[in-house]
Amino acid sequence: MKALVAREYGPLDQLELTEVPRPVPGQGQVLVRTEAAAVNPVDLVLVTGGMRDALPVSHPFVPGVDVSGVVEAVGSGVDRFAVGDPVIAWTGVPSGAFAEYALVRADDSAVVRPAALDARRAAALPTGALTASALLDEAKPRAGSTLLVVGAAGGLGSYAVQLAKRAGATVFATGREDDLDYLTRLGADGVLDYRGENVAERVREWVPGGVDAVIDVALAGPDLATSAAAARPGGVLVSPRGGPAEFDCGVTAVYTGTTTPSGRLAELARAAAAHELHIEISAQYPFAEARQALLDFAGQHVRGKVVITF
Ligand SMILES: NC(=O)c1ccc[n+]([C@@H]2O[C@H](COP(=O)([O-])OP(=O)(O)OC[C@H]3O[C@@H](n4cnc5c(N)ncnc54)[C@H](OP(=O)(O)O)[C@@H]3O)[C@@H](O)[C@H]2O)c1
C-alpha cells in the first residue's frame, strides 16, 4: 500500500509517499481502508521528533491519528465491527492514518460512522472534538457560567466553543480579526482579536470579576498566566499544554489531553451528523499531496481542520 513515511526524526520535507507493507490487524484491532484523514499538530511533532522523549516513535513512521474509512479486515476478538462497516477512529500515538490502510483499536476510540456524516467531515472529528470534550469535562460549562476559549478558531477551539454553548454557558472566544465572524457563527457570545486587544482587560469589560473558566488551546500561544488573568479568583484554567498548578491571580490549572470515554465519540458523531455540531474544514488535499498538506498546516493560518482525501 502507499503511505506517507518519515524515515527518521527530521524536517517535514523528508516525508515521502512510498510503498510499505499493508498492516495486518492483531487482537482487538481493525484494518480500515482509508477514505479521509485529518491533520493535527501532534503529527508534526512526531515527525520532527519534537516530543521524542515523551512520545517516541519507531521508523519508518507513518503519521496521522484521525481517520475515517471502511473496515477491510478484523483481528481476533473483535465483535464491535464487521468487514464493510464505515468507521471513524482516533488511532492515538501509534498513528498510521496517512496511508491507504490504517490499523485502529476496536474500542471506544472507534465507532461506526452515521450515514448522514460523510467520510471527509468524519475524519475531522476525533482529536478535535474528543479533546475539546475532555477539556470541558474539567471546565464544567453550564447554564449561568462563563467561559473564555483562547485559540478558538483552531481544530480544538472550534469544537470547544460549540460544546460549551450546548452546555448552556456564556462563551467568549479569541481569534484573529478575520475569524471573529466565524466564531460568532459558532455561537460565541463575545469575540476579541487576540492580536489587537488585551484579552483579560476586554473579558473583564464583559464579566467584571473574570470568567469562571478559561480553556487555552492556543498552539504556541500566550503565556498561560496571561490567559488565566481573564478568570476570576477561584476559577480554573484548562489546557492541553503543561504549566503551573496555580497562578498568582488565584486561578487553579488543570492539564489534560485526548480521552475516549465510552460512548463519547458516538455521541459527537451523532451530533455532527444531525448538524448540531459544525465541522469546519478550511483546506482539503488529495492523498498524492499529503506532504504538502502537512507543510501548509505547519506554516499557514488554519481555521478548523485540514483534511486529506483518498
Ligand atoms: N495533549 C493532547 O492530547 C492534545 C490533543 C490535541 C491537541 N493538543 C494541543 O492543543 C493545541 C491546539 O491544537 P489544535 O489542533 O486546536 O491546533 P490548531 O488547529 O493549530 O489551532 C491552534 C490555534 O491557536 C491559535 N493561536 C496561535 N497563537 C496564538 C496566540 N498567541 N494567542 C491566541 N491564539 C493563538 C491559532 O490562531 P491563529 O491561526 O490565528 O494563529 C489557532 O487558532 C496544540 O498545542 C496541540 O498540540 C494536545
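Residues numbered from 1 in each chain as written. Predicted model: local features only at pLDDT ≥ 70, side-chain atom pairs only at ≥ 80, totals over all residues. Heavy atoms only, no water.

Caption draft 1: Structural detail: unusual backbone geometry. In this structure, Pro60 follows His59 across a cis peptide bond, with omega equal to 0°. Along the chain, Pro60 turns up in the loop between α1 (41-48) and β4 (66-74). Look at Lys140: it is not a glycine, yet its phi comes out positive at around 55°. With respect to the helices and strands, the residue Lys140 is situated in the loop between α3 (126-139) and β8 (146-150). (Helix = DSSP H or I, 4+ residues; strand = E, 2+ residues; numbered from the N terminus.)

Caption draft 2: Structural context of the packing of α3 against helix α8 (residues 264-273). It is the contact of α3 with α8, at a shortest axis distance of 10 Å, that shows an interaxial angle of 115°. By the angle class used here, α3 and α8 are roughly perpendicular. The chirality of how α3 crosses α8 is right-handed. From α3, Pro126, Ala129, Leu130, Ser133, Ala134 and Asp137 reach across to α8, where they touch Arg264, Leu265 and Leu268. Its residues assigned to classes, the contact of α3 with α8 shows 6 nonpolar, 1 polar and 2 charged. (Axes fitted to C-alpha atoms, helices over the stretch in contact; angles between N-to-C directions. Parallel < 35°, antiparallel > 145°, perpendicular 65-115°, else oblique. Left-handed = near helix turned anticlockwise from the far one by under 90°. Contact = heavy atoms within 4.5 Å. Nonpolar A, V, L, I, M, F, W, Y, C, P; charged D, E, K, R; others polar.)

Caption draft 3: Molecular detail of the site of the ligand. Around the ligand, 20 residues are found, and the nearest of them are Gly155, Leu156, Arg176, Tyr194 and His301. Residue Tyr194 places a side-chain N or O atom 2.8 Å away from an oxygen atom belonging to the ligand. Protein contact buries 79% of the 920 Å² of open area that the ligand shows by itself. Most atoms of the ligand, that is more than half of them, are within 2 Å of grid points of the largest pocket. Looking at the shell around the ligand, the elements with two or more residues in it are α3 and α4 (155-166). Class assignment of the residues belonging to the shell around the ligand gives a composition of 10 nonpolar, 9 polar and 1 charged. (Near = heavy atom within 4 Å. Polar contact = N/O pair within 3.5 Å; in protein donor to acceptor, adjacent residues only side chain to side chain. Areas by Shrake-Rupley, 256 points an atom, 1.4 Å probe, with all protein chains shown as cover. 1 Å grid on protein atoms, 1.4 Å probe; cavity = no way out; pocket = protein on both sides within 12 Å on 5 of 7 lines; lining within 4 Å. Sits in = over half its atoms within 2 Å of the grid points.)

Caption draft 4: Geometry of the UniProt feature "domain: Enoyl reductase (ER)" (unreviewed entry) in the chain. The positions that UniProt labels "domain: Enoyl reductase (ER)" (unreviewed entry) are, in the present scheme, residues 10-308. Taken end to end, residues 10-308 is 26% helix and 27% strand, and its first and last C-alpha atoms sit 22 Å apart. (UniProt positions renumbered as here; feature names shortened; annotations may be inferred.)

Caption draft 5: Region of interest: the packing of aromatic side chains. Overall, the coordinates contain 2 aromatic pairs when judged by the stated rule. Considering the side-chain rings of Phe172 and Trp206, the 4.9 Å spacing of their centres and the 10° angle between planes classify their relative orientation as stacked. Within this pair, whereas Phe172 is found in strand β9 (residues 170-175), its partner Trp206 is found in helix α6 (residues 199-206), the two being separated by 34 residues in sequence. When its relative accessible area of 5% is taken as the criterion, Phe172 is described as buried. (Phe/Tyr/Trp six-rings, centres within 6.5 Å; stacked < 30°, edge-to-face > 60°. Buried < 20%, exposed > 50% of the residue type's maximum accessible area, 1.4 Å probe, protein only.)

Caption draft 6: Molecular detail of the sheet that holds strand β12 (residues 231-239). Judged by pairing direction, the sheet is parallel, and its 6 strands sit side by side in the order β10-β9-β8-β11-β12-β13 without closing on themselves. The sheet is open, and its two edges are formed by β10 (190-193) and β13 (252-255), each paired on a single side. Pairs of neighbouring strands in the sheet enclose a mean axial angle of 20°, with direction left out of account. Two strands pair when backbone bridges link them, and β8 and strand β11 (residues 211-216) are joined in this way by 4 bridges, in the parallel orientation. Directly across from Leu148, in β11, lies its bridge partner Val214. Against the sheet, α3 makes contact with β8, β11, β12 and β13, and its axis sits at roughly 160° relative to β12, the strand it touches most. (Pairing = 2+ DSSP bridges.)

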